[in-house]
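# Structure at a glance
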Amino acid sequence: MSRRPDRVLLVVAGGIAAYKAPELVRALKAEGCDVQVIATPAALAFVTELALSTVSGRPVRTTLLDAAAEGSVGHIELADWPDTVLVAPATADLMARAAAGLASDLATCVLLATRAPIVWAPAMNTNMWRHPATQKNLATLAGYGGEFVGPDRGELACGWVGEGRMIDPPILAAAARSRAARARGGPWVGRRVLVSAGPTRSHIDPVRFIANASTGAMGFAIAEEAAKQGASVTLVAGPVDRATPPAVQRVDVTSAGDMLEAMEAELERAPVDLVAMVAAVGDLEIERPHTGKLEKQALIPSMAALGWRRAVDVLATLTGRKRGATKFLGFAAQTVEGVDEAAITAELVRLGLHKLAYKGADALFVNRVGVPGLGFASDTNAGILLVRRGQQHVERPSGPPTPKRALARWLLDQLGAEFFEEGAR
């Protein structure tokens, strides 16, 4: 059974950056969070209550002395509800009042009463940020266990250029979810995860190569999600043009041999709890690539003389050499013809079980490719997770095609429960 969504209480204070609050709520919702907004009266000068309630799907709380809510001590219910509290923008005024332990309005009352971790996203004029009083308040709030994301340096609403700009909403949303995961103590907190992603290349000459259609999207999504859930993540990436996910260590490689070497080095460096072999490693390599660019007319005649060989099977090699306590997850992209869903599923399972066995993996996600909405170069994917249990296995369909980030979250939920939670088999 999947865990419930992380609960984030978003406190919006009265700074110009409050206009980004609806975007921040959407980013939190995209992360799979339930969001409740508290807006200070000053915040509502920059963003409407209607906009915040529409994107969050919940009424916005604004006042402490709300007869309807306080009949059940509503501010304490709010304080007890979240897994984490995100204050964005965190103004100099609100941080000063929180540091002093004041509880003069709903926001400060909840900040004083909550036992959830608090993430602060400061936003203010550069001089206000640098003022000794603000820095003293930061130290006080940090001493209470608060964490800070930002501020960034850039052009501010007042015309200054310097520190004080609120960090962008997607980064704040990721930070809030990561902090909630650490507080929740889920199965990935403190785990070490090694992920491969993208294609590999085998060069014909300095400008031509053999590769495949992998974009790295699924592997990057798993690396990002594992980091958000509290894992220490290393991503070994083939040649793809993608930004490194926050809090993820990245190693770039080109060939299948490079990928094997990098992953073995990571396994030697420290114990790894999960290897997620998501990369689409090329099946063929060229033994004798040309050192200079081949002219077009010489390209086809030279192909036979290049010396083709089978590329190393990275996952099978790793499972044969580096077992220990490490769990291995493989991926298999398969083409299956037909339209009968039961027959397609049965064939995917058959092909997946064959690969699960000869790859020596503990689990394998098999998915169909060559159809819209699935596999390479698609924003969505779906398939079947096969998990080995001794001589048996279990099958867990992921359901209809879903965004790869959501699928990554589902996979980690399934694997965490299977391998690392108390009572795991």
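This write-up is about the structure you can find in this document. Going along each chain's sequence as written, the residues are numbered from 1 onward. Where totals are concerned, whole chains, interfaces and linings use all residues; where local detail is concerned, this predicted model gives features only for residues with pLDDT of at least 70, and gives and counts side-chain atom pairs only at 80 or more. Computation of side-chain values covers all heavy atoms of the structure but excludes hydrogens and water.

### Comments concerning the pairing of strand E8 (residues 192–197)
- Buried residues dominate E8, accounting for six of its six residues.
- By the alternation rule, side chains of E8 split into Arg192, Leu194 and Ser196 and Val193, Val195 and Ala197, which are all buried.
- In short, DSSP must find at least two bridges between two strands for them to pair. Note on conventions: DSSP H or I runs of at least 4 residues are helices, E runs of at least 2 residues are strands, and numbering of each starts at the N terminus. With six bridges connecting them, E8 and strand E11 (residues 232–237) associate as parallel partners. When the sheet's bridge partners are listed, leucine 194 is paired in E11 with threonine 234.
- For E8 and strand E13 (residues 274–277), the ladder comprises four bridges, and the chain directions are parallel. In the sheet register, valine 195 faces E13, and the bridge partner there is alanine 276. Each residue's exposure class comes from its accessible area (1.4 Å probe, protein chains only) as a fraction of the maximum for that residue type: buried when under 20%, exposed when over 50%, partly exposed otherwise.

### Overview of the sheet that holds E11
- The strand order across the open sheet built from eight strands is E12-E11-E8-E13-E16-E17-E19-E20, with neighbouring strands paired in mixed fashion. Two strands in the sheet have a free side with no partner beyond their single neighbour: strand E12 (248–252) and strand E20 (392–397). In this sheet, adjacent strand axes meet at a mean angle of 15 degrees when their direction is disregarded.
- Here strand E17 (residues 363–368) pairs with strand E19 (residues 384–389) via four bridges, running antiparallel. Paired with valine 366 across the two strands is isoleucine 384, which belongs to E19.
- A contact between two residues is defined here by any heavy atoms of the two lying within 4.5 Å. Each axis is a line fitted through C-alpha atoms, taken for helices only over the stretch in contact, and angles between the N-to-C directions span 0 to 180 degrees. Its contacts with the sheet put helix H11 (residues 256–269) on E8, E11, E12 and E13, and the angle it makes with E8 is roughly 180 degrees.

### Re the pattern of salt bridges
- Salt bridges are identified by distance alone: a Lys or Arg side-chain nitrogen within 4 Å of an Asp or Glu carboxyl oxygen. Across all of its chains, the model carries 21 salt bridges by this definition.
- Between aspartate 168 and arginine 165 there is a salt bridge, with its nearest N and O atoms 3.1 Å apart.
- A residue is classified by how much of its surface remains accessible, and aspartate 168, at 33% relative accessible area, is partly exposed.
- For the salt bridge of glutamate 266 with arginine 192, the shortest nitrogen-to-oxygen distance reads 2.7 Å. Placement of glutamate 266 in helix H11 and of arginine 192 in strand E8 is noted, with a sequence separation of 74 residues between them.
- Residue glutamate 266 is classed as buried on the basis of its relative accessible area, which comes to 8%.
- Among the residues examined, arginine 192 registers a relative accessible area of 12% and is labelled buried.
- Salt bridges here are not isolated pairs; linked through shared partners, they connect Asp6, Glu31, Arg177, Glu224, Glu225, Lys228, Arg405 and Arg409.

### Observations concerning the packing of helix H10 (residues 217–228) against helix H15 (residues 404–420)
- It is the contact of H10 with H15, at a shortest axis distance of 8 Å, that shows an interaxial angle of 55 degrees. Looking at the two axes, H10 sits oblique to H15. Pair H10 / H15 crosses with right-handed handedness. Here H10 contributes Ala217, Met218, Ala221, Ile222, Glu224, Glu225, Ala226 and Lys228 to the contact with H15, which in turn contributes Lys404, Arg405, Leu407, Ala408, Arg409, Leu411 and Leu412.
- Throughout this entry, Asp, Glu, Lys and Arg are counted as charged residues, while Ala, Val, Leu, Ile, Met, Phe, Trp, Tyr, Cys and Pro are counted as nonpolar. The remaining residues, Gly among them, count as polar. Residues that form the contact of H10 with H15 fall into these classes: nine nonpolar, no polar and six charged. If an angle is under 35 degrees, it is roughly parallel; if it is over 145, roughly antiparallel; if it lies from 65 to 115, roughly perpendicular; otherwise it is oblique. Whether a crossing is left-handed or right-handed is set by the direction in which the near helix is turned from the far one by less than a right angle, anticlockwise for left-handed and clockwise for right-handed.

### So, the nonpolar core
- Val195, Ile222, Val233, Leu385 and Leu411 are the most contacted members of the largest nonpolar core, which has 35 residues in total.
- Breaking this core down by element, the ones donating at least two residues are E8, H10, E11, E13, strand E16 (327–334), E17, E19 and H15.
- It is H15 that provides the largest number of residues to this core, a total of eight residues.
- The next biggest cluster of nonpolar side chains, apart from the first, holds 31 residues, and it includes Leu194, Val236, Ile344 and Val366. Side-chain atoms within 4.5 Å are what join buried Ala, Val, Leu, Ile, Met, Phe, Trp, Tyr and Cys residues into a set we call a nonpolar core.

### Details of the environment of serine 104
- Along the chain, serine 104 falls in the loop between helix H5 (92–99) and helix H6 (106–113).
- Take serine 104: its relative accessible area is 52%, and that puts it in the exposed class.
- Placed 244 residues apart in sequence, serine 104 and leucine 348 show a C-alpha to C-alpha distance of 61 Å.
- Here arginine 97 takes part through its side chain, which lies 3.4 Å from a polar atom of the side chain of serine 104. Side-chain atoms alone can form a polar contact between residues adjacent in sequence; in general such a contact is a pair of N or O atoms within 3.5 Å, and within protein one must be able to donate a hydrogen while the other accepts it.

### Notes on the packing of aromatic side chains
- In summary, the pairing rule links any two rings of Phe, Tyr or Trp, Trp by its six-membered ring, whose centres are within 6.5 Å, and it sorts them by plane angle into stacked for under 30 degrees, edge-to-face for over 60 and tilted for everything else. In this structure the tally under the stated criterion is four aromatic pairs.
- Pairing phenylalanine 331 with phenylalanine 365 gives two aromatic rings, centres 5.6 Å apart and planes at 55 degrees, and the pair type is tilted. Of the two residues, phenylalanine 331 is situated in strand E16 and phenylalanine 365 in strand E17; the sequence distance between them amounts to 34 residues.
- Judged by its relative accessible area of 0%, phenylalanine 365 is buried.
- Relative to phenylalanine 420, the ring of phenylalanine 419 has its centre 6.1 Å away and its plane inclined at 70 degrees; by these criteria the two rings are edge-to-face. Summarising the burial analysis for this pair, phenylalanine 419 and phenylalanine 420 share the class buried.

### As for the side chain of threonine 84
- Along the chain, the position of threonine 84 falls in strand E3 (residues 84–90).
- Non-local contacts of threonine 84, meaning those with residues more than four positions away in its chain, are made with Arg7, Val8, Leu9, Ala116, Pro117, Val119, Ala176, Arg179 and Ala180.

### A look at unusual backbone geometry
- Residue proline 89 is bonded to the preceding alanine 88 through a cis peptide linkage, with omega at -5 degrees.
- Looking at the secondary structure, you find proline 89 in strand E3.
- Geometrically, the link from glycine 150 to proline 151 is a cis peptide bond, its omega value of 10 degrees lying close to zero.
- Position of proline 151 relative to the elements: it lies in the loop between strand E5 (147–148) and strand E6 (152–155).

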